[in-house]
Structures are given as C-alpha cells and as structure tokens.
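Close look at the chain arrangement
This is what each chain is made of:
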Amino acid sequence: MEQKKICYRCLLEDMDENEIKNKVQELIYGIPEDEKTDEEEYRRRLDICKSCDSLISGTCKKCGCYVELRAAGRKRTCPDTENRWG
Ligand code: SF4
C-alpha cells in the first residue's frame, strides 16, 4: 500500500484524526535518542496531563502543543506556571 505523504502546510481541519496522530508519532520518532524522554518518564508526564484540565483533544491549552510530542522531549517542561511535571 502506498504511504500517503504528510502535508506540512495543511490546517488541522483538512486532516483526519489518523493523519494527526501519525504526524505526531512521526515527529516523536524523529527526536534524537539523546533528546528523548525515557519511557517511564514519558508515561508519568502523560498521566499527569490526563488528569489536567488544560488537556483538550491531545493538546495543551497552555501552549497549544500536542502533549505527547512535548512530553517526548527530555528537556521540555509543562508550560503551566507551576510546571506540573516537575
Ligand atoms: S498544563 Fe502541563 S500537565 Fe496540563 S495538559 Fe498542559 S502540559 Fe499537560
């Protein structure tokens, strides 16, 4: 099956949920290993996001980013004033 190219200049309204999910996973995959959060810390961060009122459809209201992508970067922090991941 031919793999569909990701459109870097499409609006979210023009993408379906699978495209968005695949794009986020592609970006996470592209993070260099030495910059990537280890699995245990990644899951810990996402568990915190899942209980946070700022999580909306996979994005963080505080910064607008996809939390899974943000959590995957070792040096990234929660953008809330109190850094909930800290
Ligand atoms: S404010 Fe922090 S904990 Fe809450 S959804 Fe955003 S990144 Fe996650």
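Structural data are supplied above this passage.
The present account deals with the structure reproduced in this document. If you're wondering where the values come from, they're calculated on a predicted model, not measured in any experiment.

With respect to the overall build of the protein
Regarding its fold elements, the protein presents 3 helices and 2 strands. Traced from its N-terminal end to its C-terminal end, the protein shows the element sequence α-α-β-β-α. For the protein, the spread of C-alpha atoms along the three principal axes comes to 40 × 30 × 20 Å. Sorting the 86 residues of the protein into buried and exposed places 8% on the buried side. Counting contacts in the protein only where the partners sit at least 6 residues apart, residues at least 24 apart contribute 47% of the total.

Points about unusual backbone geometry
In this model, Ser57 sits at a positive phi of 50°, which is unusual for a non-glycine residue. Along the polypeptide, Ser57 turns up in the loop between strand E1 (55-56) and strand E2 (59-60). Phi at Asn83 is positive, roughly 45°, even though this residue is not glycine. You can see Asn83 is positioned in the segment after helix H3 (67-72). Among the residues examined, Asn83 registers 9 C-beta atoms within 10 Å and is labelled exposed.

Things to note about the site of the ligand
Contacts to the ligand come from Ile48, Cys49, Cys52, Ser54, Leu55, Cys60, Lys62, Val67, Cys78, Pro79, Asp80 and Arg84. Taken together, the residues of the shell around the ligand break down into 8 nonpolar, 1 polar and 3 charged.

Structural notes on the environment of Asn22
Of note, Asn22 is situated in helix H1 (residues 17-29). Taking the C-alpha atoms as reference, Asn22 lies 21 Å from Lys61; in sequence the two are 39 residues apart.

About the thresholds
- Residues numbered from 1 in each chain as written.
- Predicted model: local features only at pLDDT ≥ 70, side-chain atom pairs only at ≥ 80, totals over all residues.
- Helix = DSSP H or I, 4+ residues; strand = E, 2+ residues; numbered from the N terminus.
- Buried ≥ 20, exposed ≤ 12 C-beta atoms within 10 Å, placed from the backbone.
- Contact = placed C-beta atoms within 7 Å.
- Near = placed C-beta within 6 Å.
- Nonpolar A, V, L, I, M, F, W, Y, C, P; charged D, E, K, R; others polar.

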